[in-house]
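# Overview (structure and organization)
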Amino acid sequence: MRTALAAGAGVGAAVTLMLAFRRQRHQEIATAHATHDATERRVTELYTKAAEQLGSDKAAVRLAGLYALERLAQDNPGHRQTIVNVICAYLRMPYTPPEPTPAPDPGRDRKAALRAARRRYQAARADIVLPAEPTPQQESDDRKGELQVRLTAQRILVVHLRDDRPADQRSTLPAAPAFWEGMNLDLTGATLIDFDLTSGHVTTAIFDKAAFAGDARFTGAAFTGDAEFGGATFAGDADFGGARVANHAESYSWPDGWRVTMTPEGTGSLVREGADGVPAGED
């Protein structure tokens, strides 16, 4: 009887322990779900606020929005591709870079002032109210401010797409914390200024009909998925030296003067063609 009572007490204790464990487990799961939901709500709020800042008419506010998105992506890897998509969409918006500031010309400025005064005089005689027009300096400042915003957007992309690990050690060496792996770029029709993707590592990269102002550098870049440059224009030099292509497909399109040669390891290497069709640097 004592043995039976002891056994029964042991079973009761085990059942009580099991029930306590299940209650604790349920509480932990509920707490984890509540924490996850709160985190997602916070991320959504920050994302929405930063995205709204990109629509501001003030360059400084747009810059703040970009930096907020960068910080959000760095802290939340699951949202990185979405934020990269937003930055790419911003760069795809129409834009004309500012013209270089002309040298002072007293004669030209005097003629422009006389023409403006003549228009005001004629309008006053005809009792016509001329609409206010932004001064050339105001227009220039707006375009220069937008230029800084776009350069910052490009910098955020290239900094976080750069993988400085040697190609043969990427499977053994850990990536730098700032590297965002597996990103896709869609910069179709974008205007890019001095774009520098040196040592960049991306999956899909679409630059169809993109306009590259200044020099474009893709030295040592790696493309593991589709890469398209169909219809892209280059105002300056374009350097693809050392760029690599994995899973090379015939459908890929590269800028004029560049082609892919296959390496013994099965990857493609971009090389420049000479005037005679021979890759530059080869006899």
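Details of the structure are given in the entry above.
Residues numbered from 1 in each chain as written. Predicted model: local features only at pLDDT ≥ 70, side-chain atom pairs only at ≥ 80, totals over all residues. Heavy atoms only, no water.

### Points about a negative patch on the surface
Together, D194, D215, D237 and D239 make up a negatively charged patch on the protein surface. Mapped onto the fold, D215 is located in the loop between β5 (211–213) and β6 (216–217). Taking relative accessible area as the criterion, D215 reaches 32% and is therefore assigned partly exposed. (Patch = residues over 30% accessible without salt bridge, like charges linked within 9 Å, V, L, I, M, F, W, Y side chains within 5 Å. Areas by Shrake-Rupley, 256 points an atom, 1.4 Å probe, with all protein chains shown as cover. Salt bridge = Lys/Arg side-chain N within 4 Å of Asp/Glu carboxyl O. Lys, Arg positive; Asp, Glu negative; His and termini not counted. Charge placed at Lys NZ, Arg CZ, Asp CG, Glu CD. Helix = DSSP H or I, 4+ residues; strand = E, 2+ residues; numbered from the N terminus. Buried < 20%, exposed > 50% of the residue type's maximum accessible area, 1.4 Å probe, protein only.)

### Some points on the sheet that holds strand β7 (residues 222–223)
One open sheet accounts for 5 strands, arranged β3-β7-β11-β13-β12; its pairing is mixed. Strands at the two margins of the open sheet, each flanked by one partner only, are β3 (201–202) and β12 (258–262). (Pairing = 2+ DSSP bridges.)

### Some details on the packing of helix α2 (residues 59–75) against helix α3 (residues 80–92)
Put simply, α2 and α3 touch, their axes get as near as 9 Å, and they point 155° apart. Of the possible angle classes, the one that applies to α2 and α3 is roughly antiparallel. Between α2 and α3 lies a crossing whose hand is left-handed. Along its contact with α2, which presents R62, L66, L69, L72, A73 and Q74, the element α3 presents R80, I83, V86, I87 and Y90. (Axes fitted to C-alpha atoms, helices over the stretch in contact; angles between N-to-C directions. Parallel < 35°, antiparallel > 145°, perpendicular 65-115°, else oblique. Left-handed = near helix turned anticlockwise from the far one by under 90°. Contact = heavy atoms within 4.5 Å.)

### Regarding the sheet that holds β5
Strand order in the open sheet formed by 3 strands is β2-β5-β9, and the pairing between neighbours is parallel. Whereas interior strands pair on both sides, the edge strands pair on one side only; in this sheet they are β2 (191–193) and β9 (233–234). In this sheet, β9 lies alongside β5 in parallel orientation, the contact comprising 2 bridges. Looking at β9, one finds that F212 is bridged to F234.

Everything listed here is a matter of coordinates, which is why it stays silent on function.
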